[in-house]
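So the chains spell out like this:
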Amino acid sequence: MGSCLPCAATSLLLLQLAVLASLSAAGHRRYHSIFNFGDSFADTGNKPVAYAWYSLPSNVMRPPYGETFFGHPTGRSSDGRLILDLIAAGLGLPFVPPYLAHGGSFGGGANFAVAGATALDAGFFHDRDIPGAGSKFPLNTSLDVQLAWFKSLTPSLCGTAQECEEFFGGSLFFVGEFGVNDYFLFLKKRSVRQTRSLVPLVVKTISMAIERLMKHGAKSIVIPEMIPSGCSPPAVTSFYGRAGPADYDARTGCLRERSTS
Ligand SMILES: *[C@@H]1O[C@H](CO)[C@@H](O)[C@H](O)[C@H]1NC(C)=O
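Please read all numbers here as calculations on a predicted model, not as lab measurements.

A. Here's a closer look at the overall build of the chain. Broken down by element type, the chain carries 10 helices and four strands. Going from the N terminus to the C terminus, the chain shows its helices and strands as α-β-α-α-β-α-α-α-β-α-α-α-β-α. Per-residue burial over the chain gives 47% buried out of 261 residues. Contacts in the chain between residues far apart in sequence, at least 24 positions, make up 69% of those at least 6 positions apart.

As structure tokens, this is what we get:
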């Protein structure tokens, strides 16, 4: 897991956020809705519903989740707001309602992100017995499944192709972050080198999603990139004991690339 690609990606995301911030600061109501695809970084409440389909308990429905902002658990994997919530607020839009858990209209946008979601379809992992031991993960909430939900919602938002182009042309789309869950699931059973071989498949899946959204009329699409995965607690924990002191960056405590190749 290299550190340079995520660094560049993070700067790109920050740049995009700066652009968004300047749009809203100028007082332009640039977008009337947000449509989001992703995993726990952006799930505003779908997780408990998806987990219930599989009779899985959802830890996010008890404290400390929601404690510092909403005052109660909301299904977010956070004690407060997510970046997506802050962007929505910054653009003068409501928090993006979770598609699986919201009873009202989605005219102001919809969030299809589900915690734990993969870019690649669940079958890809189950066919390879990953993560194994009869695990229900990953659940059937991949990017393609989220796109199918989006497609089934579309008729309630716009009728003709032209109407849809106009509607989605005024929406802001987010596709991602995707990839973290694919790679971490693979790492449970495969080497880093084998896990790296997933990268082109993940990238292709995300690219195809973007193309499909553009066909629906999407014009503004943000692609949040991977986190610096060598810094994430699951990665640091799973290599603990296998990696020596030299494998960690002295300043950040993150895993360096060579310990994981
Ligand atoms: C996964 O979800 C999609 C969309 O809801 C559905 O069409 C498909 O049948 C599901 N697949 C499985 C294996 O449950």
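B. Inspection of the pairing of strand 1 (residues 33–37) at higher detail. Along strand 1, five of the five residues are buried, which leaves the element largely enclosed by surrounding structure. Here strand 1 shows two buried faces, one formed by Ser33, Phe35 and Phe37 and the other by Ile34 and Asn36. As judged from the five bridges shared by strand 1 and strand 3 (residues 171–175), these two strands associate in the parallel manner. Each bridged residue has a counterpart across the sheet, and for Asn36 the counterpart in strand 3 is Phe174.

C. Spatial organisation of the site of the ligand. Around the ligand sit Asn140, Val145 and Trp149, and those are all the residues in its vicinity. Here an oxygen atom of the ligand and a side-chain polar atom of Asn140 are 2.4 Å apart. Here an oxygen atom of the ligand sits 3.4 Å away from a polar atom, N or O, in the side chain of Trp149. Considered on its own, the ligand offers 360 Å² of accessible surface; in the complex 30% of this is hidden by protein.

D. Spotlight on the side chain of Thr205. Its place among the elements puts Thr205 in helix 9 (residues 199–215). Setting aside residues no more than four positions away along its own chain, Thr205 makes contact with Ala119, Leu120 and Leu143.

E. Focus on the nonpolar core. Ranked by internal contacts, the top residues of the largest apolar core, which has 50 residues, are Phe35, Phe37, Phe112, Phe168, Phe173, Val175 and Leu213. Not counting residues up to four positions away in its chain, the partners in contact with Val175 are Phe37, Leu143, Ile206, Ala209, Ile210, Leu213, Ile221, Val222, Ile223 and Pro224. Ile34, Ala42, Ile87 and Val96 belong to the second largest nonpolar core, which has 13 residues in total.

F. Inspection of the packing of aromatic side chains at higher detail. One pass over the full model with this rule turns up 22 aromatic pairs. An angle of 45° between the planes, with centres 5.6 Å apart, marks the rings of Tyr99 and Phe106 as tilted. Residue classification places Phe106 among the buried residues on the basis of a relative accessible area of 9%. Taken together, the ring pairs in this structure connect Phe35, Phe37, Trp53, Tyr99, Phe106, Phe112, Trp149, Phe150, Phe167, Phe168 and Phe173 into an aromatic cluster. The side chain of Arg76 reaches across the aromatic face of Phe95, ending 5.6 Å from its centre. Above the ring of Phe186, the side-chain terminus of Arg190 is found at 5.7 Å from the ring centroid.

G. Structural view of the sheet that holds strand 4 (residues 220–222). Taken together, the four strands give an open sheet; going across it, the order is 2-1-3-4, and neighbouring strands pair in parallel fashion. Of all the strands in the sheet, just strand 2 (109–111) and strand 4 have a single pairing partner and so form its edges. Each strand of the sheet is rotated relative to its neighbour by a mean of 20°, with strand direction disregarded. Bridging between strand 3 and strand 4 involves three bridges; their strand directions are parallel. Note that in strand 4 the partner of Phe174 across the bridge is Val222. In the packing of helix 3 (residues 83–90) onto the sheet, the strands contacted are strand 1, strand 2 and strand 3, and the crossing angle to strand 1 comes to about 165°. The strands touched by helix 9 within the sheet are strand 1, strand 3 and strand 4, with strand 3 carrying the most contacts at an inclination of about 165°.

H. Layout of unusual backbone geometry. Cis geometry marks the peptide bond from Pro63 to Pro64; its omega dihedral reads 10°. Note on placement: Pro64 falls in the loop between helix 2 (47–53) and helix 3. The omega torsion across Ile130 and Pro131 is 5°, close enough to zero to call that bond cis. Residue placement: Pro131 occurs in the loop between helix 4 (122–126) and helix 5 (143–153). Here the phi dihedral of Ser55 falls at roughly 55°; this positive angle occurs in a residue that is not glycine.

Definitions and cut-offs
Residues numbered from 1 in each chain as written. Predicted model: local features only at pLDDT ≥ 70, side-chain atom pairs only at ≥ 80, totals over all residues. Heavy atoms only, no water. Helix = DSSP H or I, 4+ residues; strand = E, 2+ residues; numbered from the N terminus. Buried < 20%, exposed > 50% of the residue type's maximum accessible area, 1.4 Å probe, protein only. Contact = heavy atoms within 4.5 Å. Pairing = 2+ DSSP bridges. Near = heavy atom within 4 Å. Polar contact = N/O pair within 3.5 Å; in protein donor to acceptor, adjacent residues only side chain to side chain. Areas by Shrake-Rupley, 256 points an atom, 1.4 Å probe, with all protein chains shown as cover. Core = buried A, V, L, I, M, F, W, Y, C linked by side-chain atoms within 4.5 Å. Phe/Tyr/Trp six-rings, centres within 6.5 Å; stacked < 30°, edge-to-face > 60°. Lys NZ or Arg CZ within 6 Å of the ring centre and 35° of its normal. Axes fitted to C-alpha atoms, helices over the stretch in contact; angles between N-to-C directions.

Purely geometric stuff here, so don't read any function into it on its own.
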